[in-house]
Amino acid sequence: MMKSNCLFGDFVEHEGKALAADEFDDRHHRNPAVASVHTRAVVTWLAIFPMAAIGMTVLSVVVPSWPPVLKALVLTVFVVPAAVYFAVPRLLMLHSVIRTAQATSFRR
């Protein structure tokens, strides 16, 4: 386990892989309550992709003459906040509930 500095601040490195700051406590032990950075990436993708696909389809029907960059701008104005403040937290909560249920049933 090695601590390094980069342009964006300190990060912890383990076996050559950078780890998210909230994955470890002060003694560099894995915090079981926090989803891994890989899980959070998948959850974020699962939240954003359907909203982006539906939004792009709707925009293509409603304003077909708009340039793609303008459609993308309008789409991201709505999709990113919806994902960050609504979808991703709820999906992470669902992941936590499932993981806790699995851990509980495993102990029995």
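Quick caveat, the model's predicted, so the values are computed rather than measured.

### Quick word on the overall build of the protein
Here comes step 1: Summing up its helical and strand segments, the protein has two helices and three strands in all.
Here comes step 2: For the protein, the sequential pattern of α-helices and β-strands runs β-β-β-α-α.
Here comes step 3: Classification of the 108 residues of the protein by burial places 19% in the buried group.
Here comes step 4: Surface exposure of the protein reaches about 8,300 Å², of which carbon and sulfur atoms provide 69%.

### So, the side chain of lysine 71
Here comes step 1: Mapped onto the elements of the fold, lysine 71 is located in helix α2 (residues 68-107).
Here comes step 2: Look past the residues within four positions of lysine 71 in its chain and what remains in contact with it is Met56, Leu59, Ser60, Val63, Pro64 and Trp66.

### Considerations on the side chain of serine 36
Here comes step 1: With respect to the element layout, serine 36 can be found in the loop between β3 (17-19) and α1 (37-62).
Here comes step 2: Under the relative-accessibility criterion, serine 36 is labelled buried at 16%.

### Brief notes about α1
Here comes step 1: Here α1 is 26 residues long and its end C-alpha atoms lie 37 Å apart, about the 38 Å a rise of 1.5 Å per residue gives.
Here comes step 2: Three or more residues of α1 are buried, namely Val43, Ala47, Gly55 and Leu59.

### Points about the confidence of the model for the protein
Here comes step 1: In the predicted model, the protein carries a mean pLDDT of 80, and 68% of its residues have values of at least 70.
Here comes step 2: α1 holds the highest mean pLDDT among the elements of the protein, 95, whereas strand β1 (residues 2-6) holds the lowest, 52.

### Observations concerning a nonpolar patch on the surface
Here comes step 1: On the surface, a nonpolar cluster with roughly 670 Å² of combined accessible area is contributed by Val42, Trp45, Leu46, Phe49, Leu91, Leu94 and Ile98.
Here comes step 2: Looking at the nonpolar patch, the elements with two or more residues in it are α1 and α2.
Here comes step 3: Element by element, the count of residues in the nonpolar patch is highest for α1, at four residues.
Here comes step 4: Structurally, valine 42 is set in helix α1.
Here comes step 5: By relative accessible area, valine 42 is classed as partly exposed at 47%.

### Here's the deal with the nonpolar core
Here comes step 1: Val43, Ala47, Ala83, Ala87 and Val88 form the largest nonpolar core, which has five residues in total.
Here comes step 2: At the level of elements, α1 and α2 are the ones that each hand at least two residues to this core.
Here comes step 3: For this core, the element with the most residues is α2, which contributes three residues.
Here comes step 4: Once you skip the residues sitting within four places of it in the chain, alanine 87 turns out to touch Ala47, Met51 and Ala82.

What counts and how
Residues numbered from 1 in each chain as written. Predicted model: local features only at pLDDT ≥ 70, side-chain atom pairs only at ≥ 80, totals over all residues. Heavy atoms only, no water. Helix = DSSP H or I, 4+ residues; strand = E, 2+ residues; numbered from the N terminus. Buried < 20%, exposed > 50% of the residue type's maximum accessible area, 1.4 Å probe, protein only. Areas by Shrake-Rupley, 256 points an atom, 1.4 Å probe, with all protein chains shown as cover. Contact = heavy atoms within 4.5 Å. Expected span 1.5 Å × (residues − 1). pLDDT = per-residue confidence, 0-100. Patch = residues over 30% accessible without salt bridge, like charges linked within 9 Å, V, L, I, M, F, W, Y side chains within 5 Å. Salt bridge = Lys/Arg side-chain N within 4 Å of Asp/Glu carboxyl O. Core = buried A, V, L, I, M, F, W, Y, C linked by side-chain atoms within 4.5 Å.

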